[in-house]
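Structural description and commentary
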Amino acid sequence: MTRYAIPFTRPHRTGREAALVGDALGGDHWRGDGPYTARASALLSSLVGGGRVLLTTSCTHALELSALLLGVGPGDEVIVPSFTFVSTASAFALRGARIVFADVDPRTLCLDPADVARKATPRTRAVVVVHYAGVAADLDGLAAAGGTAALVEDNAHSLLGAWRGRPLGSFGTMATQSFHDTKNLSCGEGGALVLNDPALHERAEILREKGTNRARFFRGEVDKYTWVDLGSSYLPSDILAAILVAQLERADATQTARHHAWARYHAELAPWAERHGVQRPHVPVPAAHAAHIYWLRVRDLATRQALIGHLAAAGIQATFHYQPLHLSEVGRKAGGQPGDCPVSELVADTLVRLPLYTDLGDADIDRVLAAVTSFTP
Ligand SMILES: Cc1ncc(COP(=O)(O)O)c(C=O)c1O
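Residues numbered from 1 in each chain as written. Predicted model: local features only at pLDDT ≥ 70, side-chain atom pairs only at ≥ 80, totals over all residues. Heavy atoms only, no water.

**Considering the domain arrangement of the chain**
When cut into domains, the chain gives domain 1 (17–247) and domain 2 (251–373). A C-alpha centroid distance of 25 Å is found between domain 1 and domain 2. Each partner contributes residues to the interface: domain 1 has 37 residues there, and domain 2 has 34 residues. Taken together, domain 1 and domain 2 are joined by 17 residue pairs in polar contact (both at pLDDT 80 or more). The residue inventory of the side of domain 1 that touches domain 2, partitioned by class, reads 20 nonpolar, 11 polar and six charged. (Domains from an automatic or database assignment. Contact = heavy atoms within 4.5 Å. Polar contact = N/O pair within 3.5 Å; in protein donor to acceptor, adjacent residues only side chain to side chain. Nonpolar A, V, L, I, M, F, W, Y, C, P; charged D, E, K, R; others polar.)

Below is the structure:
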């Protein structure tokens, strides 16, 4: 694999991880739901508007838990953006739901409420929204578009983003987080389910603990625990939660650094982008973004590949992103056809993501800016 002077992404070390992991290892609670899980859950809850947080082993597992909790099954339809990661759709497909792919807005690359409204039917049980690149989807439009369907926020990109001053992750019946090492805050692999409806708390706890009421037993609420529902094992070890505590405690500093890089790209690439008709991210007025991804959109696939190659020659790793799910092997078997989600299809071919990580210094940013602006699209 090519080594780049400036990689696309790197996990950030706050400097506290090793001490907290050492402390966790020194104790006797290595399994899930120990003291570090409690600390990480409380810290995360305060960042997403106060919902109940259950840490999971990944965002994928949090999405699977959402599907179980909503009781989605055969005969139900779930609307997801075509331009997203596989798990947004597969978690619901695994339960037998029919996945309905909706297109994205060409400015924000988030679910287009008009297409959701067109595709919603009385069978639509859930609409899953992704706040792509950390920029909020049109949550006002989506509230009306999905009818009575539950809104699930796949908040993998957008922890610490907001819409009308309210944190992302607080709008859906539930929201899911990712702490994969490409995300702003990470514990290697990890995730969380945020529950914004207290009526779901008890069942969520049971499904996450193999379908047992073990959590109630440990709280002394029942004298033995037993199998009460159909669930699985979604608990991360408390050792991983210790890494997450270190990351969550320094979330402000992480976000400040990422916003600095994002803002420099945005301001300093503006004249070049305007001259060459290159599209840059659009942050709608009600939104505050989370500085997760900085993207550019060029004319066509050949230009996109040429830009990635030009940056690679300068030692800079830039990458494309999602391929439309309705045209994936599974999407086509479910009836997906070219032209079903035209914006997603176009964006898949024309989008480039620039390096963006917490430790990207000003000299690195200068180098990326010089390389991009020396390219003629
Ligand atoms: C939008 C979105 N949802 C879900 C996931 C899955 O996250 P995880 O790797 O934590 O399962 C990703 C991963 O990149 C993602 O980008």
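Back to the write-up after that little detour.
**Re the site of the ligand**
Inspection of the region around the ligand gives 15 residues, with Thr-60, Asp-154, Ser-178, Lys-183 and Tyr-322 positioned closest. Within the backbone of Cys-59, one N or O atom sits 2.9 Å away from an oxygen atom of the ligand. In the environment of the ligand, a nitrogen atom lies 2.7 Å from a nitrogen or oxygen atom belonging to the side chain of Asp-154. Taken by itself the ligand offers 400 Å² of open surface, and the protein chains cover 91% of this. Split by residue class, the shell around the ligand holds five nonpolar, eight polar and two charged. (Near = heavy atom within 4 Å. Areas by Shrake-Rupley, 256 points an atom, 1.4 Å probe, with all protein chains shown as cover.)

**Here's the deal with the pattern of salt bridges**
Taken as a whole, this structure holds 22 salt bridges when the rule is applied. Between Glu-209 and Arg-214 there is a salt bridge whose closest N-O contact spans 3.1 Å. Take Glu-209: its relative accessible area is 5%, and that puts it in the buried class. Taken together, the shared-partner salt bridges connect Arg-52, Glu-202, Glu-205, Arg-216, Arg-219 and Glu-221 into one network. (Salt bridge = Lys/Arg side-chain N within 4 Å of Asp/Glu carboxyl O. Buried < 20%, exposed > 50% of the residue type's maximum accessible area, 1.4 Å probe, protein only.)

**Looking at the packing of helix H10 (residues 251–268) against helix H15 (residues 362–373)**
Where H10 meets H15, the axes come as close as 11 Å, and the angle between the chain directions of the two elements is 30 degrees. The orientation of H10 with respect to H15, classified from their angle, is roughly parallel. Pair H10 / H15 crosses with right-handed handedness. Along the contact surface, H10 presents His-260, Ala-261, Arg-264, Tyr-265 and Glu-268, while H15 presents Asp-362, Ile-365, Asp-366, Val-368 and Leu-369. Here the residues of the contact of H10 with H15 sort into five nonpolar, one polar and four charged. (Axes fitted to C-alpha atoms, helices over the stretch in contact; angles between N-to-C directions. Helix = DSSP H or I, 4+ residues; strand = E, 2+ residues; numbered from the N terminus. Parallel < 35°, antiparallel > 145°, perpendicular 65-115°, else oblique. Left-handed = near helix turned anticlockwise from the far one by under 90°.)

**Structural notes on the sheet that holds strand S10 (residues 287–288)**
Strand order in the open sheet made by the three strands is S7-S6-S10, with antiparallel pairing throughout. The open sheet has two edge strands with one neighbour each: strand S7 (166–167) and S10. When strand S6 (residues 162–163) meets S10, the two strands line up antiparallel, connected through two bridges. Paired with Trp-163 across the two strands is Ala-287, which belongs to S10. (Pairing = 2+ DSSP bridges.)

**Brief notes about the nonpolar core**
Ranked by size, the top nonpolar core spans 32 residues in total, and within it Leu-69, Leu-70, Val-78, Phe-92, Met-174 and Leu-195 carry the most contacts. When contributions to this core are tallied by element, the ones reaching two or more residues are helix H3 (59–70), strand S2 (77–81), helix H4 (86–93), strand S3 (98–102), strand S4 (124–130), strand S5 (150–154), strand S9 (191–195) and helix H7 (201–208). If you tally residues by element for this core, the top one is H3, at eight residues. The contacts of Val-78, once residues within four sequence positions are left out, are Val-72, Phe-92, Ala-97, Arg-98, Ile-99, Val-100, Ala-126 and Val-128. (Core = buried A, V, L, I, M, F, W, Y, C linked by side-chain atoms within 4.5 Å.)

**Focus: the environment of Gly-32**
Note on placement: Gly-32 falls in the loop between helix H1 (17–26) and helix H2 (35–47). As a C-alpha pair, Gly-32 and Ile-365 span 333 residues in sequence and 39 Å in three-dimensional space. Ignoring sequence-local partners within four residues, the contact set of Gly-32 consists of Thr-37, Leu-235, Pro-236, Ser-237 and Asp-238.

**What to know about the environment of Gly-172**
Inspection of the secondary structure assignment puts Gly-172 in the loop between S7 and strand S8 (174–178). With relative accessibility at 3%, the residue Gly-172 sits in the buried group. Separated by 24 residues in the primary sequence, Gly-172 and Asn-196 have C-alpha atoms spaced 7.0 Å apart. Apart from the residues lying within four places of it in its own chain, the contact partners of Gly-172 are Leu-151, Glu-153 and Asn-196.

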